[in-house]
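One-letter residues, chain by chain:
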Amino acid sequence: MDGDCLKNDRIVIFSFTRTGTELNRLLSEKLKNTGRTCRGYTTKKYAGEEILSFPGSGKELVGSNWGSAAFLFIGAAGIAVRWIAPWLKDKFTDSPVLVMDEKGQYVIPLLSGHMGGAVSLAEEIAELTGAVPVHTTATDVQKKFAVDVFARENGLLITDRKMAKEIAAAVLEGEKIGICIQYSEYSISGDVPEELILCDTVLETEKYRYRIVIGDIPGQPGTCVAEKGSGPHRSEKAAGGTLFLKPQNVTAGIGCRKGIGAGMLEKGLCEILDRNGLEIGQVERLASIDLKKEEQGILDLCKKYQIPFAVYTAEELRSVRKVTSGSEFVEQVTGVDNVCERAALLCCADGELVQGKTVRPSMTAALARRPLRIRF
């Protein structure tokens, strides 16, 4: 049984006229049919049939959902700009924002096009409505490799925002970028963009002014490098002009005492991750037993880092045949002898255990990791 944390798959749609609200209603229904969570708002005059009236200030409504929802404004771009202005921070944390005319002719990704997914959402809306998506980002217009899109689509954590921008600018200027995958188990699909030169080692990438290295924290335990299929060992160090992209392919299985605070849970988990050369940004999912589905500390931690949370019954967890250790006390309480390892392995079905059950104050955690799959 799965329960997901709040992520940017929620869409809030605003409309301001009768025609715009008809489109709001139609689009809300279509987006809901794709499995998204969608909520439409309009003025009191046009509200009804599941489209709500604005609850006071539109700007405050935006603010209360900023960073956890995408926004589509059906109407003038100026309204969108004024409503979102107080909440703007940066492209890595801002909500995706789109604008569409009330006749549904055009849809424009206005903000957080790549990292937030506004560009892909615009394409989806265009497909649903027949609208024309209007892209203004240079890499989209020139059909060039965009490192932020590549990272988002492959579940890779960008470690240096400034360097990502420099590489984007270099691509637009026609430079070649070296790229090296420092990971023990990986696969590549699709065609490598002409802007990138795939290299076997970091040293080889230093022929180029800028390079992208996909791997874990350089020089830390648990970092996987060298030839494909080899075991993990320390990463090569890279020169200036290097952007590290860290794989977000870790599942953390969690066991904890009832009432644990999110702060203690985060501290314990981060210590265990650090021991393995990892960080919490590389965790793609938390998992535990269904007895913990409403454990507030876990839910708060998931919300803070926007990590989905999966829970399983004791019977489901027992389907995992092998664990490194078991506890009779835990089995008496939960019905299964080792919650964290079983949850991690069950949730990360195609992965392997990289850290067995580890005890921290009021909690235990285990880490599983799936193979890295890179798609161009």
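Structure: above.
In what follows, the accompanying structure is described. (Residues numbered from 1 in each chain as written. Predicted model: local features only at pLDDT ≥ 70, side-chain atom pairs only at ≥ 80, totals over all residues. Heavy atoms only, no water.)

Section: the overall build of the protein chain
How we decide: Numbering goes from the N terminus for both helices and strands, where a helix is a DSSP run of H or I of at least four residues and a strand is a run of E of at least two. This radius of gyration counts C-alpha atoms alone. The globule rule is 2.2 Å times how many residues there are, raised to the power 0.38. Think of it in three bands: with a 1.4 Å probe and only protein chains considered, a residue is buried below 20% of the maximum accessible area for its type, exposed above 50%, and partly exposed in between. Residues count as neighbours in contact if any of their non-hydrogen atoms are within 4.5 Å of one another.
Within the protein chain, the regular secondary structure consists of 13 helices and 20 strands. Relative to the 2.2 N^0.38 estimate, which gives 21 Å for 376 residues, the radius of gyration of the protein chain is 23 Å and therefore close to what a compact globule would have. Over its C-alpha atoms, taken along the principal directions, the protein chain stretches across nearly 65 × 55 × 30 Å. For the protein chain, the residues scored as buried account for 48% of the 376 residues in total. Intrachain contacts of the protein chain at a sequence separation of at least 6 include 66% that bridge at least 24 residues.

Looking at the pattern of salt bridges
For the record, the criterion: Salt bridges are counted wherever a side-chain nitrogen of Lys or Arg sits within 4 Å of a carboxyl oxygen of Asp or Glu.
In this structure the tally under the stated criterion is 15 salt bridges. As a salt-bridge pair, R369 and D216 come within 2.7 Å of each other at their nearest N and O atoms. Of this pair, R369 sits in strand β19 (residues 363-369) while D216 sits in the loop between β13 (211-214) and β14 (242-247), and the two are 153 residues apart along the sequence. In this structure, D350 and R373 form a salt bridge, with 2.6 Å as the shortest nitrogen-oxygen distance. Here D350 is found in the loop between α13 (339-347) and β18 (352-360), whereas its partner R373 is found in strand β20 (residues 372-375), with 23 residues between them in sequence.

Quick notes on helix α9 (residues 262-275)
The condition that has to hold: Here a helix's expected span is defined as the number of its residues, less one, multiplied by 1.5 Å. The arc in question is formed by the directions pointing from the helix axis toward the C-beta atoms.
The end-to-end C-alpha distance of α9 is 20 Å, a good match for the 20 Å that 14 residues give at a rise of 1.5 Å each. All buried positions along α9 are accounted for by L265, E266, G268, L269, I272 and L273. Relative to the axis of α9, the buried residues are bounded by an arc of 170 degrees and lie together on one face. Seen from the buried face of α9, the exposed residues on the opposite side, beyond 90 degrees, are G263 and K267. Those residues of α9 that are buried lie in contact with β15 (250-256), β16 (283-289), α10 (296-305), β18 and β19.

A closer look at the environment of V134
Looking at the secondary structure, you find V134 in the loop between β8 (132-133) and α5 (138-141). Separated by 63 residues in the primary sequence, V134 and I197 have C-alpha atoms spaced 30 Å apart. Those residues in contact with V134, other than ones at most four positions away along the chain, are Y106, V107, I108 and P109.

Some words on a nonpolar patch on the surface
Defined as follows: Only residues above 30% relative accessible area that lack a salt bridge enter a patch, with like-charged residues linked at up to 9 Å and the nonpolar side chains Val, Leu, Ile, Met, Phe, Trp and Tyr linked at up to 5 Å. Note that accessible areas follow from Shrake-Rupley with a 1.4 Å probe, and for residues the cover is restricted to the protein chains shown.
Together, Y106, I108 and V132 make up a nonpolar patch on the protein surface, roughly 240 Å² of accessible area in all. Here I108 lies in strand β7 (residues 106-111). Looking at I108, the relative accessible area reads 30%, which means it is partly exposed.

A word on the sheet that holds strand β5 (residues 70-74)
Test applied: Strands are labelled as partners when DSSP assigns at least two bridges between them. What counts as an axis is a line fitted to C-alpha atoms, over the stretch in contact for a helix, and the angles between N-to-C directions run from 0 to 180 degrees.
Ordered by their spatial adjacency, 7 strands build an open sheet running β4-β3-β2-β5-β6-β7-β8, and the pairing between neighbours is mixed. Two strands in the sheet have a free side with no partner beyond their single neighbour: β4 (51-53) and β8. Pairing geometry for β7 and β8, over 2 bridges, is parallel. Pairing of V107 across the sheet is with P133, part of β8. Along the sheet, helix α1 (residues 18-33) makes contact with β2 (10-15), β3 (37-42), β4, β5 and β6 (97-100), crossing β2 at roughly 165 degrees.

Side note on the packing of aromatic side chains
For clarity, the cut-off: In this scheme Phe, Tyr and Trp rings, the latter by its six-membered ring, pair at centre separations within 6.5 Å, and the angle between planes marks the pair as stacked below 30 degrees, edge-to-face above 60, and tilted otherwise.
Scanning the model with the defined rule gives 12 aromatic pairs in all. Chaining the aromatic ring pairs together yields one cluster made of F14, F16, Y41, F54, W66, F71, F73 and W83.

A word on the layout of surface pockets
Quick reminder of the rule: Cavities and pockets were defined on a 1 Å grid built from protein atoms only: a cavity is a group of points that admits a 1.4 Å probe but offers it no way out, a pocket is an open group of points flanked by protein on both sides within 12 Å along at least five of seven lines, and a lining residue is one with an atom within 4 Å of any such point. Grid points are joined across faces, edges and corners, and a volume is the space filled by probe spheres set on the points.
Here the second largest pocket defines a volume of roughly 620 Å³. Forming the boundary of the second largest pocket are 25 residues, of which G255, C256, R257, K292 and T334 lie nearest the centre. Of all the elements in the fold, those that place two or more residues in the lining of the second largest pocket are β15, α12 (328-334), α13, β18 and β19. It is α12 that provides the largest number of residues to the lining of the second largest pocket, a total of 4 residues.

Examining the packing of helix α2 (residues 58-65) against helix α3 (residues 77-84)
Just so we agree on the cut-off: Angles are sorted into four bins: roughly parallel if under 35 degrees, roughly antiparallel if over 145, roughly perpendicular if 65 to 115, and oblique for all others. Helix crossings are classified by the rotation of the near helix relative to the far one: an anticlockwise turn of less than a right angle makes the crossing left-handed, while a clockwise turn makes it right-handed.
Relative orientation of the contacting elements α2 and α3 amounts to 60 degrees, with a least axis distance of 8 Å. Comparing the axis directions of α2 and α3 gives the class oblique. Between α2 and α3 the crossing geometry is right-handed. Contact residues: α2 offers G58, K59 and V62, while α3 offers R82, W83 and I84.

In short, the description is geometric, and any link to function would need to be established separately.
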